[in-house]
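Fold and contact review
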Amino acid sequence: MAIDAIAAKGTSQRVAPPLPAALFGACAGVLCVSVVAIVGWLILIGVPNAVRVFNPHDPAGVLAPLIATAYVTILALPPAAIVGVFAAMAAADVRVFGSVARAMRNALTLVGSVPTVIVAFAALLAALSFGWHPSLTGAALAVSIINMPLMTALSLGALTYRAAAIREATTALGASPMYVVVRVLLPRAYPRLRGALILVATQIVGAAAAIAIVAGAQAPGGHGSAPIGAWPLAVEVLTRGSAASGYGATAAAALVLTILIWVLQGVAQLRASAESAAQEDR
Amino acid sequence: MQAIQETQPGRPADASATRLEVKDLNAYYGKHLAVKGVNMQFEPGAITALIGPSGCGKSTLLRCLNRMHEVIPHAHVEGEVLLDGQNLYEPGVDPTDTRRRIGMVFQRPNPFPTMTIMDNVLAGVRLAGKPPGDATLEEISEKSLRRAALWDEVKDKLHKAGTSLSGGQQQRLCIARALAVDPEVLLMDEPASALDPISTVKIEELMRELRGAYTIIIVTHNMQQAARCSDYTGFMLAGEAATGELVEFDTTSKMFTTPKEKRTEDYITGRFG
């Protein structure tokens, strides 16, 4: 009887009060409606034009922009990954680099909070001052720089995730702080670093405004020259929304871009789930 | 507090000769004095328990003994910790070397998740660069696992992940890992507090088996455990400004039957804490 009463009390405590529940429910509803509306619009307008965007001879085709997207991603991802992981390793333990690590953590917060468009515009001005023409390669470099703080933050999270006990155990065995970071925390963080890499790739693929500005697509007095015959897909969606190709083709291109990003995020989530399952098995 | 010099009767002949001593030790977290004026002498080959209520500085004192306290940002130590007469806090003393000589086992089992059982045991040995003595890595692994009373349970799965073991087995794996580097002193910070009663009994049996071969210092909240396992007991208590002090230190039998201090008696009889 007493156990039933406790169980009943426990059950009643799990039911949320009406007002907060209604508020949370309303917010969730707004989010769902927004997502469904956007995706619905993309499908409604984009699907009838899907044949056009997959036609390589159509000026609204997405094949060239997809290749340009891949080009920018392949160029931008490795520097962002290398700088991000190494900076995170330096920041992971204040005992390794002392004040440098502390400064790096502060800088990470500061740089990460600067809007990406501003960083991109600064990169464009710097490129122009050196006499370089806006190009996809320059855009890739800027996008790489833009994503370095994100890669560093994600890597730092991966390296230090529940690391206190492991760090303590290794230190107690006589390991140096550098050994702890390089030989213990880094191998342990590999699965999460892979996930971080995919997330940063997703950011690069979808970083429309920044790529557009740095590539010169929106720069004052310059269109730049797209070496592959197109800008990345995100730029095409942004800049051609009202162009001759029309809304339909733009919506179709946007749908392709959205699906591409969903696929990347899905892969990241699948990997994360597999890792969680493996950890539970262990 | 007082120095304990007498030898525990019945100790094995191969008892560790390593003498660990603490002189006028103060431990700080930033400006906060967490442990004040501790003087203790740990009997070689004996088990010494540190007891006291939460926040009295038992774990802080323990971590001072192998320089793990200074790993915490802004933490520092004043005073001396002498291992066979050498002050471990002297300039020029390598803290990593100190930690190899004074092994440590933590409250929660913390095997390395990316390593196999065997690699976990050998992690410290590989860190040191060379195995102690002429033994091969396999021999060290087996010997350490046998000492930790884990060999029979894991001998057929040495290449499985260390995290595949149960909590109690993981803790004994961590003890095996600490023993593999052949430390002179073994520090145990509430090693059984996260374990079930059966695993706790195994850890206590293991400590009794290791007595004599190692100087063992254990922090515990469990007074029954201190009474069952230890030869000596130190009682700590936080005073003004949450600063911990060593109230009394004596043989366990005296501490639990005829303590000198009223505060010790009150704590042991459950009047506070």
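About the cut-offs
- Residues numbered from 1 in each chain as written.
- Chains lettered and ligands numbered in written order.
- Predicted model: local features only at pLDDT ≥ 70, side-chain atom pairs only at ≥ 80, totals over all residues.
- Heavy atoms only, no water.
- Helix = DSSP H or I, 4+ residues; strand = E, 2+ residues; numbered from the N terminus.
- Buried < 20%, exposed > 50% of the residue type's maximum accessible area, 1.4 Å probe, protein only.
- Contact = heavy atoms within 4.5 Å.
- Areas by Shrake-Rupley, 256 points an atom, 1.4 Å probe, with all protein chains shown as cover.
- Salt bridge = Lys/Arg side-chain N within 4 Å of Asp/Glu carboxyl O.
- Buried area = accessible area lost by both parts, 1.4 Å probe.
- Polar contact = N/O pair within 3.5 Å; in protein donor to acceptor, adjacent residues only side chain to side chain.
- Nonpolar A, V, L, I, M, F, W, Y, C, P; charged D, E, K, R; others polar.
- Pairing = 2+ DSSP bridges.
- Phe/Tyr/Trp six-rings, centres within 6.5 Å; stacked < 30°, edge-to-face > 60°.
- Lys NZ or Arg CZ within 6 Å of the ring centre and 35° of its normal.
- Axes fitted to C-alpha atoms, helices over the stretch in contact; angles between N-to-C directions.
- Parallel < 35°, antiparallel > 145°, perpendicular 65-115°, else oblique.
- Left-handed = near helix turned anticlockwise from the far one by under 90°.

1. Observations concerning the overall build of chain B
A count of helices and strands for chain B gives 10 helices and 10 strands. Projecting the C-alpha coordinates of chain B onto the three principal axes gives extents of approximately 55 × 40 × 35 Å. For chain B, the residues scored as buried account for 55% of the 273 residues in total. Across chain B, every contact between residues at least 6 apart in sequence was considered, and the portion connecting residues at least 24 apart equals 68%. Total accessible area on chain B stands at roughly 11400 Å², and carbon and sulfur atoms take up 49% of it.

2. As for the pattern of salt bridges
Residue and element names in this part refer to chain B. Under the defined criterion, the tally for this structure stands at 13 salt bridges over all chains. Note that Arg146 and Glu142 form a salt bridge whose closest N and O atoms lie 2.9 Å from each other. One end of the pair is Arg146 and the other is Glu142, both in helix H4 (residues 137-147) and 4 residues apart, which spans about a single turn. Judged by relative accessible area, which is 46%, Arg146 ranks as partly exposed. The salt bridge involving Asp152 is made with Lys155; its shortest N-O contact spans 4.0 Å.

3. Looking at the interface of chain B and chain A
Each side of the interface is counted separately: chain B has 20 residues, and chain A has 17 residues. Interface of chain B and chain A: buried area, both sides summed, is about 1700 Å²; carbon and sulfur atoms make up 69% of it. Where chain B touches chain A, the interface holds 1 salt bridge. A salt bridge links Glu168 of chain A to Arg63 of chain B; the shortest N-O distance between them is 2.4 Å. Linking chain B with chain A are 3 residue pairs in polar contact (both at pLDDT 80 or more). Residues belonging to the side of chain B that touches chain A are distributed by class as follows: 10 nonpolar, 6 polar and 4 charged.

4. A closer look at the pairing of strand E1 (residues 20-29) of chain B
All names here are of chain B. Sheet topology note: the E1/strand E2 (residues 32-42) ladder contains 7 bridges and is antiparallel. By the bridge assignment, Leu20 is partnered in E2 with Phe42. With antiparallel pairing between neighbouring strands as the criterion, E1 and E2 make up a hairpin whose turn holds 2 residues, including Gly30 at a positive phi of roughly 65 degrees. Alignment of E1 against strand E4 (residues 75-83), held across 8 bridges, turns out to be antiparallel. Across the sheet, residue Asn26 finds its bridge partner in E4, namely Glu78.

5. A look at the side chain of Thr48 of chain B
Examined against the element boundaries, Thr48 of chain B turns out to sit in strand E3 (residues 47-51). When near neighbours in sequence (up to four residues on either side) are disregarded, Thr48 of chain B contacts Phe42, Ile216, Ile217, Ile218, Ser230, Tyr232 and Phe249 of chain B.

6. A word on the packing of aromatic side chains
Residues and elements named next belong to chain B. Counted by the stated rule, this structure contains 3 aromatic pairs over all chains. Consider the rings of Tyr232 and Phe249, whose centres lie 6.4 Å apart with planes at 55 degrees: the pair is tilted. Here Phe249 lies in strand E10 (residues 244-251) and Tyr232 lies in strand E9 (residues 232-238), a separation of 17 residues in the sequence. Pair check on accessibility: Tyr232 and Phe249 agree, each one buried. An aromatic cluster of three or more residues is present, and its members are Phe42, Tyr232 and Phe249. The cationic tip of Arg177 hangs over the ring face of Phe112; the distance from NZ or CZ to the ring centre is 4.4 Å.

7. Some remarks on the environment of Ile175 of chain B
Residue and element names in this part refer to chain B. With respect to the helices and strands, the residue Ile175 is situated in helix H6 (residues 167-180). Spatially, the C-alpha atom of Ile175 lies 25 Å from that of Met40, the residues being 135 residues apart in sequence. When sequence neighbours within four positions are dropped, the list of residues in contact with Ile175 reads Val105, Ala148, Met188, Ile203, Leu206 and Leu210.

8. Some thoughts on the packing of helix H7 (residues 116-129) of chain A against helix H8 (residues 136-160) of chain A
Residues and elements named next belong to chain A. Where H7 meets H8, the axes come as close as 9 Å, and the angle between the chain directions of the two elements is 140 degrees. In terms of orientation, H7 lies oblique with respect to H8. With respect to the hand of their crossing, H7 and H8 are arranged in right-handed fashion. The residues of H8 that touch H7, namely those facing Thr116, Val119, Ala120 and Ala123, are Ala142, Ile145 and Ile146. Residue composition of the contact of H7 with H8, by class: 6 nonpolar, 1 polar and no charged.

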